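# Structural overview
Below, each chain spelled out in residue letters.
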Amino acid sequence: MTFATESFKPDLTERLARSRSDLRMGVPIVVCDADAAGLVCAAEVLSAERLASLVGMNPVLAITNHRAATLKVAAYDGDLARVILPKDAGIAWVQAMADPADDLRSPMKGPFRTARDGSATVHRAGIALTKASRLLPACVVVALKDGPAFAAQHDLTRVDAQTALTTALSPLDPVISAKLPLDVSEAGRLHIFRPEDGGEEHYAVEIGTPDRAAPVLTRLHSACFTGDLLGSLKCDCGPQLRGAMAQMGAEGAGVLLYLNQEGRGIGLANKMRAYSLQDQGFDTVEANHRLGFADDERDFRIGAEILRKLGFSQVRLLTNNPAKVAKLESSGLTVTERVPLKVGENHHNAAYLATKAAKSGHLL
Ligand SMILES: Nc1nc2c(ncn2[C@@H]2O[C@H](COP(=O)(O)OP(=O)(O)OP(=O)(O)O)[C@@H](O)[C@H]2O)c(=O)[nH]1
Ligand SMILES: [Zn+2]
């Protein structure tokens, strides 16, 4: 029996999924664009040995404009900067540029030389992939003359820059749903959704049998391991999760989406880095920026798509965040009402909630 061997080859999306695992392990990947290619290593997990092999290949460190602003590096590429590694730069330099943990204790001193010529697409794709890998958004890049040949020679995963930069939402497939009796309602059901790009699965908790033709009481809850599971007092997530479910139980119907976008989409390790910066006096938004992230890296189109897949088109949304309402509406859902969800304020999270009101437009 013969097989069409092409059918075994990973496609562009499958290569991206593979590249995220490689990056997390510290294995370099090869990113190819139409007129440029580069070897990309995630700064956070780059080993001293691998860095030593890159010296002599003119490595640059790609960081986001947010991280560049903290380091006072000019971001000539707009959303990112390409910092040329000084001749004597070792792994400690790379890590200190990428990670703001010691910014205050031992500030990085310039002047920094930055690359301005040529395309930054490979670097941009590298940063997008480190973010998608839930690592610090920084990568060391060296230009390659022949990306595909280099990848083949060194057995590295080769990915397409434009695919890494696509903003299209990966299709989400329903995997399974089953009854789940809950303390708030015995008529609970849990649905699992899996994205086709190998990303995180997301969950929908359906309570009762909501009428698909009417607005459904809905909560888009972003994962918060510390608040949801550990009872952290630094945020209001745990009380919001339980409050939303209690309200759905009391009304007899509702749908709670549990979106695995921990830490507003930066992952738990990075959220804990942000907490450590908050211990140094920075607020929640400043901490994200110092790490190199935007204020909020979540993609609420996922929530809209899951609701659509479940048959809902109109929602009464439990939130204090007007941006969530706007993003759901721009994804084609009708938000007939914003239902406030003000629970769980305490003296540990009062400043956090005030910052969200002042900087992120949350309603108090
Ligand atoms: N990066 C970061 N994420 C945080 C921090 N505190 C909580 N989170 C995450 O923020 C998400 C919750 O977002 P919130 O901003 O509290 O609320 P919201 O979802 O925007 O709005 P509501 O619908 O009103 O709750 C969860 O994913 C938490 O893990 C923090 O200091 N930094
Ligand atoms: Zn939380």
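Thresholds, definitions, all that
Residues numbered from 1 in each chain as written. Chains lettered and ligands numbered in written order. Predicted model: local features only at pLDDT ≥ 70, side-chain atom pairs only at ≥ 80, totals over all residues. Heavy atoms only, no water. UniProt positions renumbered as here; feature names shortened; annotations may be inferred. Phe/Tyr/Trp six-rings, centres within 6.5 Å; stacked < 30°, edge-to-face > 60°. Lys NZ or Arg CZ within 6 Å of the ring centre and 35° of its normal. Domains from an automatic or database assignment. Buried area = accessible area lost by both parts, 1.4 Å probe. Polar contact = N/O pair within 3.5 Å; in protein donor to acceptor, adjacent residues only side chain to side chain. Near = heavy atom within 4 Å. Areas by Shrake-Rupley, 256 points an atom, 1.4 Å probe, with all protein chains shown as cover.

The chain appears in an unreviewed UniProt entry as GTP cyclohydrolase-2 from Octadecabacter arcticus 238. The UniProt entry for the chain carries this comment under Pathway (unreviewed entry): "Cofactor biosynthesis; riboflavin biosynthesis; 5-amino-6-(D-ribitylamino)uracil from GTP: step 1/4." Quoted verbatim from the Function (unreviewed entry) heading of the UniProt record, the comment on the chain is "Catalyzes the conversion of GTP to 2,5-diamino-6-ribosylamino-4(3H)-pyrimidinone 5'-phosphate (DARP), formate and pyrophosphate."

### Regarding the packing of aromatic side chains
For the coordinates displayed, the defined rule picks out one aromatic pair. Taking NZ or CZ as reference, Arg 116 lies 3.7 Å from the ring centre of Tyr 76, over its face. Here the basic side chain of Lys 234 rests over the ring of Tyr 275, its NZ or CZ set 4.6 Å away from the ring centre.

### Thoughts on the domain arrangement of the chain
Split by domain assignment, the chain resolves into domain 1 (9–164) and domain 2 (172–261 + 298–360). For domain 1 and domain 2, the distance between their C-alpha centres works out to 35 Å. Both faces combined, the contact of domain 1 with domain 2 buries some 260 Å², and carbon together with sulfur accounts for 41% of it. Ranking the residues of domain 1 by area buried against domain 2 places Thr 13, Arg 20 and Arg 134 at the top, with a combined share of 89%. Seen at the junction of domain 1 and domain 2, the total is one residue pair in polar contact (both at pLDDT 80 or more).

### Remarks on the site of ligand 1
Taken together, 25 residues form the shell around ligand 1, and within it Arg 219, Arg 298, Thr 319, Lys 324 and Lys 356 come nearest. Arg 298 places a side-chain nitrogen or oxygen 2.8 Å from an oxygen atom of ligand 1. For ligand 1, an oxygen atom lies 3.1 Å from a polar atom in the side chain of Tyr 352. Coverage of ligand 1 by the protein amounts to 99% of the 650 Å² it exposes when considered alone.

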